[in-house]
Amino acid sequence: MAAGKLYLCATPIGNLEDITFRVLRTLKEVDLIAAEDTRNSIKILNHFDIKTPMTSYHEHNAIEKGQVLVKKMLEGTSIALITDAGTPAISDPGELLVKMCYEAGIEVTSLPGACACVTALTLSGLSTRRFAFEAFLPVDKKERQAVLDELKNETRTIILYEAPHRLIKTLRELLEVLGDRRITLCRELTKKHETAFVTTIQGALDLYETEEVKGECVLVMEGRSRAEMQEEERQSWMAMSLEEHMEYYENQGISRKEAMKLVAKDRGVSKRDIYNELLK
């Protein structure tokens, strides 16, 4: 008997018209739909008159239920995986099911469609060439601080998800650790009251500390400037005397000639400038 197949089906993040013809056809043709929340997904299935049986698959039963689904696929069942909104396996337990399928030799295919992080990025007005998607920050305090510290010197555009009731707390943490940055705060993406608020972290705080936040939020922040980081590093070297700077490298066994090259690079000047200063 031929093994079944796993179809990762992207569902709308708000506007139901964003579902693709291919996803609709697949949801009707598979043997079973695995949904993050069947109570939520039944609304989509009813809207498009899809009668395929459905079962739950979410973070709380991902391992146990994943094993059940893999067994079914090995027996020939074709399964479509859908999340509450957007593309499965993106900040979603679906990533575990995909891994389990590959380990069991089951074919997996992804049907592209709506994805909140990419939608927000294209709306942001910030650089889209390179970006770091962090999804939701960790709940654990120590782990959360570690991630924020890593993001401090991230030069790529940063994308975060946040629930409305935690937005103010997160914005305050971002301001404290990353400093004020340009940010585009997106809410209610693809829906009637969609907003893309182009501002700064402080500007977003000023607004939402006095206004109720509604809807899931996607925060798109500019990365740190490389030029700013280089200047900070240069200034830290400049705090040392030229002799101390030379000793720093020479004490590592580096020749005086090579040390002068390194010192010149650190200070953003020419090797001749360093040579002339040392002669004085």
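All of these numbers come straight from a predicted model, not from anything done at the bench.

## Considering the layout of surface pockets
Alright, step 1. Taken as a whole, the largest pocket spans an internal volume of roughly 960 Å³.
Alright, step 2. Considering the residues around the largest pocket, the lining is formed by 33 residues, among which Glu 36, Thr 83, Asp 84, Ala 85 and Glu 216 are closest to the centre.
Alright, step 3. For the lining of the largest pocket, the secondary structure elements donating two or more residues are α2 (38–47) and β10 (217–221).
Alright, step 4. When residues of the lining of the largest pocket are assigned to their parent elements, the largest contribution, four residues, is made by α2.
Alright, step 5. A breakdown of the residues in the lining of the largest pocket according to their chemical character gives 14 nonpolar, 10 polar and nine charged.
Alright, step 6. Counted as a void, the second largest pocket has a volume near 220 Å³.
Alright, step 7. Ser 91, Ala 135, Phe 136, Leu 137, Pro 138, Val 139, Arg 144, Glu 162, Arg 166 and Lys 169 are the residues that line the second largest pocket.

## Observations regarding the confidence of the model for the protein chain
Alright, step 1. When the pLDDT values of the protein chain are averaged, the result is 91; 98% of them are 70 or greater.
Alright, step 2. Here helix α12 (residues 271–279) stands out as the least confident element of the protein chain, with mean pLDDT 70; strand β4 (residues 79–82) is the most confident, with 98.

## A look at unusual backbone geometry
Alright, step 1. Phi angles above zero are rare outside glycine, and Asp 49 is one such case at about 55°.
Alright, step 2. Looking at the element boundaries, Asp 49 is found in the loop between α2 and β3 (54–56).
Alright, step 3. Positive phi outside glycine occurs at Ala 89, with the angle close to 80°.

Conventions used here
- Residues numbered from 1 in each chain as written.
- Predicted model: local features only at pLDDT ≥ 70, side-chain atom pairs only at ≥ 80, totals over all residues.
- Heavy atoms only, no water.
- 1 Å grid on protein atoms, 1.4 Å probe; cavity = no way out; pocket = protein on both sides within 12 Å on 5 of 7 lines; lining within 4 Å.
- Points joined across faces, edges and corners; volume = space filled by probe spheres on them.
- Helix = DSSP H or I, 4+ residues; strand = E, 2+ residues; numbered from the N terminus.
- Nonpolar A, V, L, I, M, F, W, Y, C, P; charged D, E, K, R; others polar.
- pLDDT = per-residue confidence, 0-100.

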